[in-house]
Amino acid sequence: MAVLEEIEPREVFRYFEEITQIPHGSYHTDAISEYLVGFAEKYGLAYRRDEANNVVIHGEASPGYEERETVILQGHIDMVCVKEPGVAIDMDTKPIRLICDGETITADGTSLGGDDGIAVAMVLALLASKDIAHPPIEAVFTSDEEVGMLGAKALDMGRLTGRRMINIDSEDEGIITCGCAGGATVKGSLPVKRLQKNEGTPCEILLDGVKGGHSGIEIGTGGANAHVLMGRFLDAIEGDWQLISIDGGSKDNAIPNMAVAVVCGDKDAFVRAAKSCEDIFKKEYHKTDPEIRIEVKTVPAAGPAMTEETKCLVVDALRVLPGGVQRMSPDVEGLVQTSLNMGILCTSADAVELGFSVRSGVASEKEELIERVTRVIRLVGGQVKIEGVYPGWEYREESPLRDRMVEVFERMYGKKPVIDVIHAGLECGFFAERIPGLDAVSIGPDLRGVHTPEETMDVASVARVWQYLCEVLKEL
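Residues numbered from 1 in each chain as written. Predicted model: local features only at pLDDT ≥ 70, side-chain atom pairs only at ≥ 80, totals over all residues. Heavy atoms only, no water.

### Things to note about the overall build of the protein
Part 1 of the reasoning: Looking only at helices and strands, the protein has 11 helices and 23 strands in total.
Part 2 of the reasoning: For 476 residues, the compact-globule estimate of 2.2 N^0.38 gives 23 Å, and the C-alpha radius of gyration of the protein, at 24 Å, lies within 12% of that figure.
Part 3 of the reasoning: Its C-alpha atoms give the protein principal-axis dimensions of about 80 × 50 × 45 Å.
Part 4 of the reasoning: In the protein, which comprises 476 residues, the share counted as buried stands at 57%.
Part 5 of the reasoning: A sequence separation of at least 24 residues applies to 78% of the contacts in the protein between residues at least 6 apart.
Part 6 of the reasoning: Element-wise, carbon and sulfur atoms account for 49% of the exposed surface of the protein, whose accessible area totals about 20100 Å². (Helix = DSSP H or I, 4+ residues; strand = E, 2+ residues; numbered from the N terminus. Rg over C-alpha atoms; globule rule 2.2 N^0.38 Å. Buried < 20%, exposed > 50% of the residue type's maximum accessible area, 1.4 Å probe, protein only. Contact = heavy atoms within 4.5 Å. Areas by Shrake-Rupley, 256 points an atom, 1.4 Å probe, with all protein chains shown as cover.)

And the structure:
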């Protein structure tokens, strides 16, 4: 029996479970794209699929709604694939294992992909239904959103006829998002030179217990970044020591929750530094990351160490690169305006790779932060690539779609929704930039811990948002 078979709304969760059984991490969207094509063909719906694996499916209007304006329903088909240490699932080729207690849905040791699988599931359930009243629909499923919105960037939006769009990629029920930050991915590479001989005891340093999270949504909570803390730890080691490798997160847009360094030297010095830094970090982050810990253990020899010059340059880079919130919005209380997340840290034989997610609601501040990161990396002898640049989405003072959605929300929930502008990036920015006069909003059910193995989705919230979406479409 399917895990979600008895959960309402059944059709939505049936499609969501099917989606979770198809590996669909960023850059691996062929299978999920083919699944959508198969869905369209099964129901006799017009569709197109492009080389970027974007899929657009056209849903005919319900009887009596043929003359209504087309509505674009949009979500993305890729997910951030992260897992707990020791979990053996290859998320590029194997399905995740769902867990449901009737109230929440999560995955066993991995991220869930509710971001944004639940959007895909809702739209498919809508297109398959014969009972839900709605105007003509252009269902737009984009690929590789989590790695710079590459699908939206590649999509031919000139072929879309809708001028009203509901994006279903938000993570808080009761919030109607109407604007977002722009961003970019900065990739740095620091060259590594190595010695012929290691000195001292080889040890592995594990720093974990950091909460992590989405680098747009959670960046403003003041939590720790495991890579930054590891840089501080390495800088605190006394005496002579050698660095072999340093590794951490694999997604630039996920705040890393752990980092591992392999070092050679005096184990007692490593233990002293670990105890001192753990105490400091726990005190500094006692509210946001109380479970931070640093573990030192002896390991077999793990390859040649870096030269002293290389080690110093790597540690210097980790210590001086900007990170976290850079500026709060002067106009919207509590909104992060500009931030930076060092999400990727990976050591190869001849390089240390760094990956950053830069976000800002102000284009000039985004460019300034990219320039700062670029100059620091170049000062320590590294090279930089800028990828995945995406535009912000400017708040509209006048929005008939937003007004109608507020009316429906008040009628159904008995209270006003929150109208918000967020620091995270949304594909609405690309659509608004390329479709003249587009009136767009973003909604979604309660998701927590996205981009982490702790990701959960609230079952009752999904049901309410589904009902809300259906009622909005009926009104439109």
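More follows now that the structure is in view.
### Some points on the pairing of strand 9 (residues 182-191)
Part 1 of the reasoning: With respect to burial, strand 9 is a largely interior element, 7 of its 10 residues being buried.
Part 2 of the reasoning: The sheet contact formed by strand 9 and strand 18 (residues 351-360) spans 10 bridges and is antiparallel. Its bridge partner being in strand 18, Ser189 is matched across the sheet by Glu353.
Part 3 of the reasoning: Direction of pairing for strand 9 relative to strand 19 (residues 383-390): antiparallel, over a ladder of 6 bridges. The residue of strand 19 that forms the bridge with Lys187 is Lys385. (Pairing = 2+ DSSP bridges.)

### Some thoughts on the packing of helix 1 (residues 10-20) against helix 3 (residues 114-128)
Part 1 of the reasoning: Following both chains from N to C, one finds helix 1 and helix 3 inclined at 130°, their axes separated by 8 Å at the closest point. One element, helix 1, and the other, helix 3, form an angle in the oblique class. The chirality of how helix 1 crosses helix 3 is right-handed. Contacts from Glu11, Val12, Tyr15, Phe16 and Ile19 of helix 1 reach helix 3 at Gly114, Gly117, Ile118, Val120, Ala121, Met122, Leu124, Ala125 and Ala128. (Axes fitted to C-alpha atoms, helices over the stretch in contact; angles between N-to-C directions. Parallel < 35°, antiparallel > 145°, perpendicular 65-115°, else oblique. Left-handed = near helix turned anticlockwise from the far one by under 90°.)

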